[in-house]
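# Per-entry structural report
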Amino acid sequence: MSLPSDVSARPALPGARLFQGSHQGYVIAMISAMLLAFTAIIIRALTEYYHLPTFVLAFWRAALVALVLLPLLLLVKPQWARLRREQVVFYALYGLLLALFNSLWTLSVALNGASVATILTYCSVGFTVFLGWVMYSERLTLRQLLVIAISLGGCFLVSNGDSMGNSHFDLLGLLVGMLSGIGYTLYTLGGRVASERGYPVWNTILYVFGFSALYQLVFNAALTAFPLAAFHGMAGSLWFLSHGAQGIQWSGWLLLLALAAGPTLLGFGLYNISLKTLPLAVANLILSLELVFTAVIAYFLLGESMNQLQLLGSALVMGGVLLLKSKTAEA
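Quick caveat, the model's predicted, so the values are computed rather than measured. (Residues numbered from 1 in each chain as written. Predicted model: local features only at pLDDT ≥ 70, side-chain atom pairs only at ≥ 80, totals over all residues. Heavy atoms only, no water.)

### A few points about the overall build of the chain
The condition is simple: The numbering of helices and of strands both runs from the N terminus, where a helix is a DSSP run of H or I of at least 4 residues and a strand a run of E of at least 2. Only protein chains enter the accessibility calculation, which uses a 1.4 Å probe; a residue whose area is less than 20% of its type maximum is buried, one above 50% is exposed, and one in between is partly exposed. Here a residue-residue contact requires only that any non-hydrogen atoms of the pair lie within 4.5 Å. Under the convention used here, a 1.4 Å probe and the Shrake-Rupley method define accessible areas, while residue burial counts only the protein chains that appear.
Check the secondary structure of the chain and you find 13 helices and zero strands. Secondary structure elements of the chain, listed N to C terminal, follow the sequence α-α-α-α-α-α-α-α-α-α-α-α-α. Within the chain, the fraction of its 331 residues that count as buried is 49%. Sequence separation of 24 or more characterises 86% of the internal contacts of the chain that already satisfy a separation of 6 or more. Looking at the chain as shown, the accessible area adds up to about 15,400 Å², and 71% of this sits on carbon and sulfur atoms.

Shown next as C-alpha cells:
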C-alpha cells in the first residue's frame, strides 16, 4: 500500500522531514495515540472535580489550541500563520466537521455511556477502510481486513463492551454513536485532503481549531438560550472556572491549558504528520491504541484497574497493530 503518486512525489514539509518513511510513520502515530490518551484523563478531572460543562470545555479546548499555536507560529514560522483566501472555505468546513464530531460524541456519551460511545466511535476504522478504497485505491488484503476485525474486537473488550446490555443502549443512541464514528472518519479524511493540498500541518491545526472554537461558541450559546433535555448540564458560562467559592480556579485553567497544548495540539499535530507516510486506514487503526494507553494511564494515575476481558482486548489491539506493521513491511 502507498500514497497516491501525486502525494508521495511532493516534497515533505520542513516539520516532517525527520519523519519520512513508513516505520517513522508508525512511531509518530503511536506517540500521537499516547498523547491523545491523556485527553480522557484531563477531561475527567475537569468534569468531575471542577464540574465544567461539556460544551464549555470543548470551546476552551479548541480556542486555547489556536491561542497557544498562533504566537508560536508567528515567532518560529510566520508564513504558516497566514490564511490564504483559497483556504478559508476548506478550513471553515473542516472546522465544522471537528465541531460536529465533538458534539455528536458528547451526545453519544450522554445517551450510551462512555464505553459504548467509545466502541461506536472506533468503528470508524471500517468507514476509513471504505473511504480509503473509494478515494485512494487503498485496497486491503484479506489478512489486513482480518487484522482490523481483530483490533476492533480488542477495542470492544478494552471499552468494557459487555455493558452494551445496559438500559441506556437504544436505537437513538446507536444512530448518534454511528454518526459520531462517521464524523470522526470525515475529520480524518479532512487531514488527508489538507496534506494533499500541501497545507502545512500546523497551519491546518491553527485554523481548523480556530473555526471549531467559533462553532462551539455558537453551539454553547444556542443551548444556553434554548436548553434541550438531552444536553442538560452540558452548556453554561464560558467563565465557569472563575465562579468558584474561592474566586478564580487557576488549577482548572492550567489543566485546560495542558489539555490544549499537550494531548490536543501535539497529539493531533503528530497524527496529521503520520498521514503523510501511512495509509488512512492504517493511521486510524494505530490511533485506536489510545484506548489501551488510556486504560494504563488511568490505572497508575486514577487507580482504575482492568479486568481480564480488558487485558485480553489490550493484547488484541497491540497484536493487530504489530501484525499490520509486519505485513506492510513485507509489501
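### Observations regarding the packing of aromatic side chains
Threshold: Paired rings are identified among Phe, Tyr and Trp, the last through its six-membered ring, by centres lying within 6.5 Å, and are further divided according to the angle between planes into stacked (under 30 degrees), edge-to-face (over 60) and tilted (the rest). By definition here, charges over rings are those cases where NZ of Lys or CZ of Arg is within 6 Å of the ring centre and within 35 degrees of the ring normal.
Taken as a whole and judged by the stated rule, the model has ten aromatic pairs. For the pair tryptophan 239 and tryptophan 253, a centre-to-centre distance of 6.2 Å together with 45° between the ring planes defines the contact as tilted. Here tryptophan 253 lies in helix H10 (residues 250-274) and tryptophan 239 lies in the loop between helix H9 (201-225) and H10, a separation of 14 residues in the sequence. Looking at lysine 77, its charged tip hangs above the ring of tryptophan 80, at a distance of 5.6 Å from the centre.

### Observations regarding H10
Worth spelling out the cut-off: Multiplying 1.5 Å by the residue count of a helix minus one yields the expected span of that helix. In this scheme, the bend at a residue equals the angle between the axes fitted to the seven residues that finish there and the seven that begin there.
An ideal rise of 1.5 Å per residue puts 36 Å on 25 residues; H10 measures up with 35 Å between its terminal C-alpha atoms. At leucine 259, H10 shows its largest bend, some 30°, and a proline, proline 263, comes one to four positions later.

### Concerning the pattern of salt bridges
Rules: Salt bridges are defined as contacts in which a side-chain nitrogen from Lys or Arg sits within 4 Å of a carboxyl oxygen from Asp or Glu.
Throughout the structure, instances matching the rule amount to two salt bridges. With its nearest N and O atoms 2.7 Å apart, the salt bridge here joins arginine 84 to glutamate 86. Residue classification places arginine 84 among the partly exposed positions, given a relative accessible area of 39%. Exposure remark for glutamate 86: the relative accessible area of 48% places this residue in the partly exposed category.

### Looking at the packing of H9 against H10
Rules: Note on method: axes are straight lines fitted to C-alpha atoms, helices fitted across the in-contact stretch only, with angles between N-to-C directions ranging 0 to 180 degrees. Every angle not falling under 35 degrees, over 145, or within 65 to 115 is termed oblique; those three ranges are roughly parallel, roughly antiparallel and roughly perpendicular. The handedness criterion is simple: a crossing whose near helix is rotated anticlockwise from the far helix by less than a right angle is left-handed, and one whose near helix is rotated clockwise is right-handed. For this scheme, ten residues count as nonpolar: Ala, Val, Leu, Ile, Met, Phe, Trp, Tyr, Cys and Pro. Four count as charged, namely Asp, Glu, Lys and Arg, and the remainder, Gly too, count as polar.
Between H9 and H10, the shortest axis-to-axis distance is 10 Å and the interhelical angle comes to 130°. When the axes of H9 and H10 are compared, the pair comes out oblique. The chirality of how H9 crosses H10 is right-handed. In this structure, H9 uses Val201, Trp202, Ile205 and Phe209 to contact H10, whose residues at the interface are Thr264, Leu265, Leu266, Phe268, Gly269, Leu270, Asn272 and Ile273. Of the residues assigned to the contact of H9 with H10, the class counts are nine nonpolar, three polar and no charged.

### Here we look at the side chain of glutamine 216
Turning to its location among the elements, glutamine 216 is positioned in helix H9. On the basis of relative accessible area, glutamine 216 is assigned to the buried category, the value being 1%.

### A look at the environment of isoleucine 148
Following the sequence through the fold, isoleucine 148 ends up in helix H7 (residues 142-158). As a C-alpha pair, isoleucine 148 and leucine 285 span 137 residues in sequence and 7.3 Å in three-dimensional space.

### Focus on the nonpolar core
As a reminder, the rule being used: The set of buried Ala, Val, Leu, Ile, Met, Phe, Trp, Tyr and Cys residues whose side-chain atoms join them within 4.5 Å is what this entry labels a nonpolar core.
Core analysis: the biggest nonpolar cluster contains 66 residues, and Leu46, Trp60, Trp202, Ile205, Phe209 and Leu256 have the highest contact counts within it. Broken down by secondary-structure element, the contributors of at least two residues to this core are helix H2 (22-49), helix H3 (54-76), helix H4 (85-112), helix H8 (171-196), H9, H10, helix H11 (280-287) and helix H12 (289-302). Apart from the residues within four sequence positions on either side, leucine 256 is in contact with Leu46, Leu52, Leu57, Trp60, Leu64 and Leu241.

### Some thoughts on unusual backbone geometry
In this structure, histidine 51 takes a positive phi of about 50° despite not being glycine. Following the sequence through the fold, histidine 51 ends up in the loop between H2 and H3.

### Structural notes on a nonpolar patch on the surface
The criterion, for reference: Nonpolar side chains (Val, Leu, Ile, Met, Phe, Trp, Tyr) are joined into patches within 5 Å and like charges within 9 Å, using only residues with over 30% relative accessible area and no salt bridge.
A cluster of nonpolar residues, Phe38, Val296, Tyr299, Phe300 and Leu301, forms a patch on the protein surface that exposes about 520 Å² of accessible area. Ranked by the residues each element gives to the nonpolar patch, the list is headed by H12, at four residues. With respect to the helices and strands, tyrosine 299 occurs in helix H12.

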